[in-house]
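# Coordinate analysis (summary)
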Amino acid sequence: MALEFLKDNFVVTKLDYLASWCRKYSLFPMPFATACCGIELMATGASKHDISRFGAEAFRFSPRQCDLMIVAGRVVMKMVPVMQRIWQQMPEPKWCISMGACASSGGVFDTYAVVQGIDRFIPVDIYVPGCPPRPEQLLQGIIDLQEKIANTGTIFGTEFGKRNVYEGPRPLSKFLSPDQSVQAPANFRSSTRTI
Amino acid sequence: MSFADIKEKLSAKFDKLNLEFSSFRDNDRVIVPPTDLIEILSYLKTTFCFDMLIDLSAADYLHLQGATHRYGVWYALLNVENGERLIVKTHLDDPDPRLPSTYDLWKGADWMEREVYDMYGIEFDGHPDLRRILLPDEFVAFPLRKDYPLRGMGERHNFQSVIRSES
């Protein structure tokens, strides 16, 4: 009698798979929104694009309650220690999405203050291209992250321990010398208006 | 009181300084020497009632053709009563660009002078709290100077990287 009920009421799986399956459908994003990508991030959370379809709707503004950091926007050098601290305050297991051109590479802001990609300072799992990316692209990034979690995740997070080297790009060695600086023409007189 | 009146009275009072007046579109400007800046600004404030300091900023004329001085600092004044505006400009040179603070005349000069110090390294004597306002405290350069490279001197990458297995 008992055996008859048993055959429909259990599944056999791997513990790693089960843990990853739970984790990938309950991501808690930490919105590290510093620029216009943050607006798209809000649109992704709003009802039209509805990030909760992918189980990631619970945005938390404390890093201690999050496991997915979405860096949305350019990060300046003054913000880097803050970003690293927030990343380190997040409990394991945790992932990071670099959203948009500026977070991934500095974008158009190649100046003294803006870092050229956050992957130089924190480990990044998924890069989302675009300036800013559409909400669909961020959702695709989340789907890709879910796939990554499902494929590589383990219950004790041993896959993170293997990532023990710097993952970012090579250090930038080329800088403009002062005599290469751009000089704008000095005459700004407008042709449409006489003085 | 029009710009002509200001011009007349200022040149009469400070006749030894040969103040330079000019107008461009709706900007009325006077160029003053930095040594007499405070005296002229307090005279403008008390006599012509320029009771608001709209803006205080600077420029670096390092590679500009025809420029005789390196830095220019200007004060945009407003008379709230009748809406009259005046721009007071002064020039400075290396080394040690230094100006008296206008904090005692207009309290609003506080952060603007800090910003000019932050970006150009022009120091303001008598400022109550002259330290960097936008850049982090450990920054050593003055990035809006023309001899500072656009991409910086490596400050933006001068941080430790967080490794995944250690975070």
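Residues numbered from 1 in each chain as written. Chains lettered and ligands numbered in written order. Predicted model: local features only at pLDDT ≥ 70, side-chain atom pairs only at ≥ 80, totals over all residues.

Attention shifts here to the overall build of chain A. The helix and strand tally for chain A stands at seven helices and four strands. Each helix (α) and strand (β) of chain A, taken in turn from the N terminus, gives the series α-α-β-α-β-α-β-α-β-α-α. Taking all 195 residues of chain A together, the buried fraction comes to 35%. Summarising the internal contacts of chain A: among those between residues at least 6 apart in sequence, 79% fall at separations of at least 24. (Helix = DSSP H or I, 4+ residues; strand = E, 2+ residues; numbered from the N terminus. Buried ≥ 20, exposed ≤ 12 C-beta atoms within 10 Å, placed from the backbone. Contact = placed C-beta atoms within 7 Å.)

Turning to the nonpolar core, a few remarks are in order. All names here are of chain A. Counting residues in hydrophobic clusters, the biggest one holds 41 residues, and the most contacted among them are Leu68, Met69, Ile70, Val71, Met83, Met99 and Ile118. Counting only elements with at least two residues in this core, the list comes to β1 (29-33), α3 (37-45), β2 (68-72), α4 (80-89), β3 (95-99), α5 (100-105), β4 (126-128) and α6 (135-152). Here the element with the most residues in this core is β2; it accounts for five residues. (Core = buried A, V, L, I, M, F, W, Y, C linked by C-beta atoms within 7 Å.)

Residue and element names in this part refer to chain B. In terms of strand pairing, strand β2 (residues 27-32) meets strand β5 (residues 85-92) through four bridges, oriented parallel. By the bridge assignment, Val32 is partnered in β5 with Thr90. Direction of pairing for strand β4 (residues 71-78) relative to β5: antiparallel, over a ladder of eight bridges. Along β5, the bridge assignment pairs Ala76 with Ile87. Linking β4 back to β5 in an antiparallel pair, the connection comprises six residues, with Gly83 at a positive phi of about 75 degrees. (Pairing = 2+ DSSP bridges.)

Contacts between chain B and chain A engage 23 residues on the former and 33 residues on the latter. Here the residues of the side of chain B that touches chain A sort into nine nonpolar, eight polar and six charged. (Nonpolar A, V, L, I, M, F, W, Y, C, P; charged D, E, K, R; others polar.)

The next point concerns helix α3 (residues 109-120) of chain B. Residues and elements named next belong to chain B. If you check α3, its first and last C-alpha atoms are 16 Å apart, about what 12 residues at 1.5 Å a residue would give, namely 16 Å. If you check which residues of α3 are buried, you get Ala109, Met112, Glu113, Val116, Tyr117, Asp118, Met119 and Tyr120. If you follow the buried residues of α3, they end up packed against β3 (52-60), β4 and β7 (123-125). Looking at the residues trailing α3, positive phi occurs at Gly121, about 75 degrees. (Expected span 1.5 Å × (residues − 1).)

What follows is about the sheet that holds β4(A). Residues and elements named next belong to chain A. Read from one edge of the open sheet, four strands run β1-β2-β3-β4, paired in parallel fashion. The open sheet terminates on both sides in strands that have one partner only, identified here as β1 and β4. Put simply, the sheet's adjacent strands are angled 20 degrees from each other on average, direction ignored. Of the pairings in the sheet, the one linking β3 to β4 comprises three bridges and is parallel in character. Within β4, the residue paired with Ser98 across the bridge is Tyr127. Across the sheet, α3 is in contact with β1, β2 and β3; its angle to β1 comes to roughly 150 degrees. Packed on one face of the sheet, α6 meets β3 and β4 and runs near 165 degrees to β4. (Axes fitted to C-alpha atoms, helices over the stretch in contact; angles between N-to-C directions.)

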